[in-house]
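Examining the three-dimensional arrangement
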Amino acid sequence: MTVIPTHAELILPAPAKLNLMLHILGRRADGYHELQTLFQFLDHGDELGFSLRQDGEIHLHTPIEGVPHDSNLIVRAAKRLQEASGTQLGADIWLDKRLPMGGGIGGGSSDAATTLLGLDHLWHTQLGEDRLAELGLALGADVPVFVRGHAAFAEGVGERLTPVELDEPWFLVAVPQVFVSTAEVFGSPELTRDTPPIKVRSLLAGGGRNDCQPVVEKRYPEVRNALILLNKFVSARLTGTGACIFGSFPNRDDADKVARQLPGTLPSFVAQGRNISMLHRKLQALAKK
């Protein structure tokens, strides 16, 4: 775990998200898939620290195994903001990585969004949420929802967002110890690609499933076994393309009780669902100072 230094000028959260459902409507000519999904944030995530540099350089001081420095979404987000704003400023960045990679809970995308919003604040670039979301979309389909910071019904490749008000239950999120390849799941011939579109009103009334789940269960026995286990206690489903799975509870005590019954080989965490992300709540608090 990286310790963000006390001299960091700005420390911000990068929250996890859940896909409460995920429908695949079809494949587009460009190879991307038309989908519908429902995003909600969790009060749990990574944390990033930022400090100004006057020399225009971007330095991420937290190496991620297998990810070259300049390929990291955090660095790419910072450089994209530099280009778009024309700023001469740079930044030192530290990452306290708590979210699993390849987990389907938005780790890299959330880190990128926190970088865009954090450096927009630190550099006083004032690009505005719409422009930052546009920059984020070029980095990944899930980045805009983190930039917007509100629970949303998403369409297209995930970029057309309609804010929604959802219940805010407690979630138990289990983390099977396997990396799921999103490209492999979306490239699978077994993936359902003809789910009829659903209206957001029907969805909020309780509709929806995850079309990726059958493919992931078939290809990744670690995920299938975790779902079987968690289903003994609560209705469990996959988030995104996984590997993380989740179940919802009316209060923290109930979620904690089930978490204590999971084996040590299946790490998990408990967090509350939130319609406004903890990143945006932190930025709102900073704006009032």
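Quantities reported herein were computed from a predicted structural model and do not represent experimental measurements.

About the cut-offs
- Going along each chain's sequence as written, the residues are numbered from 1 onward.
- Confidence filtering applies because this is a predicted model: local features only for residues at pLDDT of at least 70, side-chain atom pairs given and counted only at 80 or more, and all residues used for totals across whole chains, interfaces and linings.
- Excluded from the side-chain calculations are hydrogens and water; all other atoms, namely the structure's heavy atoms, are used.
- Cavities and pockets were defined on a 1 Å grid built from protein atoms only: a cavity is a group of points that admits a 1.4 Å probe but offers it no way out, a pocket is an open group of points flanked by protein on both sides within 12 Å along at least five of seven lines, and a lining residue is one with an atom within 4 Å of any such point.
- Grid points are joined across faces, edges and corners, and a volume is the space filled by probe spheres set on the points.
- The numbering of helices and of strands both runs from the N terminus, where a helix is a DSSP run of H or I of at least 4 residues and a strand a run of E of at least 2.
- Under this grouping Gly is polar, as are all residues other than the nonpolar Ala, Val, Leu, Ile, Met, Phe, Trp, Tyr, Cys and Pro and the charged Asp, Glu, Lys and Arg.
- Each nonpolar core is a collection of buried residues, namely Ala, Val, Leu, Ile, Met, Phe, Trp, Tyr and Cys, held together in the definition by side-chain atoms within 4.5 Å.
- Per-residue accessibility, obtained with a 1.4 Å probe over protein chains only, is compared with the maximum for each type, and a residue is labelled buried under 20%, exposed over 50%, and partly exposed between these values.
- What makes two residues a contact is simply this: any of their non-hydrogen atoms within 4.5 Å.
- In short, DSSP must find at least two bridges between two strands for them to pair.

1. Description of the layout of surface pockets
Rolled over the atoms, a probe as big as a water molecule pinpoints where empty space is left. Approximately 1,300 Å³ is the volume found for the largest pocket. Looking at the lining of the largest pocket, the elements with two or more residues in it are strand S1 (10-27), strand S2 (33-53), helix H1 (73-85), helix H2 (107-123) and helix H5 (182-187). Considered class by class, the residues forming the lining of the largest pocket number 21 nonpolar, 20 polar and 6 charged.

2. Describing the nonpolar core
In terms of nonpolar packing, the biggest core is built from 38 residues, with Phe50, Ile93, Leu116 and Leu119 touching the most fellow members. Looking at which element gives the most residues to this core, the answer is H2, with 7 residues. With near-sequence residues (within four places) excluded, Phe50 lies in contact with Ala8, Glu9, Leu10, Leu12, Asp92, Ile93, Trp94, Thr114, Thr115, Gly118, Leu119 and Leu122. Trp170, Val178, Ala236 and Ile245 belong to the second-largest nonpolar core, a separate cluster that totals 30 residues.

3. Focus: the pairing of strand S10 (residues 268-274)
In terms of residue burial, S10 counts as a mostly covered element, since 5 of its 7 residues are buried. Pairing analysis gives 2 bridges linking S2 to S10, with the strands arranged antiparallel. If you follow Phe41 over to S10, its bridge partner there is Arg274. In this sheet, S10 lies alongside strand S7 (residues 170-174) in antiparallel orientation, the contact comprising 5 bridges. Following the sheet pairing, Leu172 is matched in S10 by Val270.

4. Some words on the pairing of strand S9 (residues 245-249)
Regular strands show a simple pattern: their side chains alternate between the two faces of the sheet. Buried residues dominate S9, accounting for 4 of its 5 residues. In the sheet, S7 pairs with S9 via 5 bridges, with the strands oriented antiparallel. From the neighbouring strand, Trp170 faces S9, where its bridge partner is Phe249. Where strand S8 (residues 237-238) and S9 come together, 2 bridges link them in antiparallel fashion. Following the sheet pairing, Leu238 is matched in S9 by Ile245. The loop that links S8 with its antiparallel partner S9 comprises 6 residues; one of these, Gly240, has a positive phi angle of about 55°.

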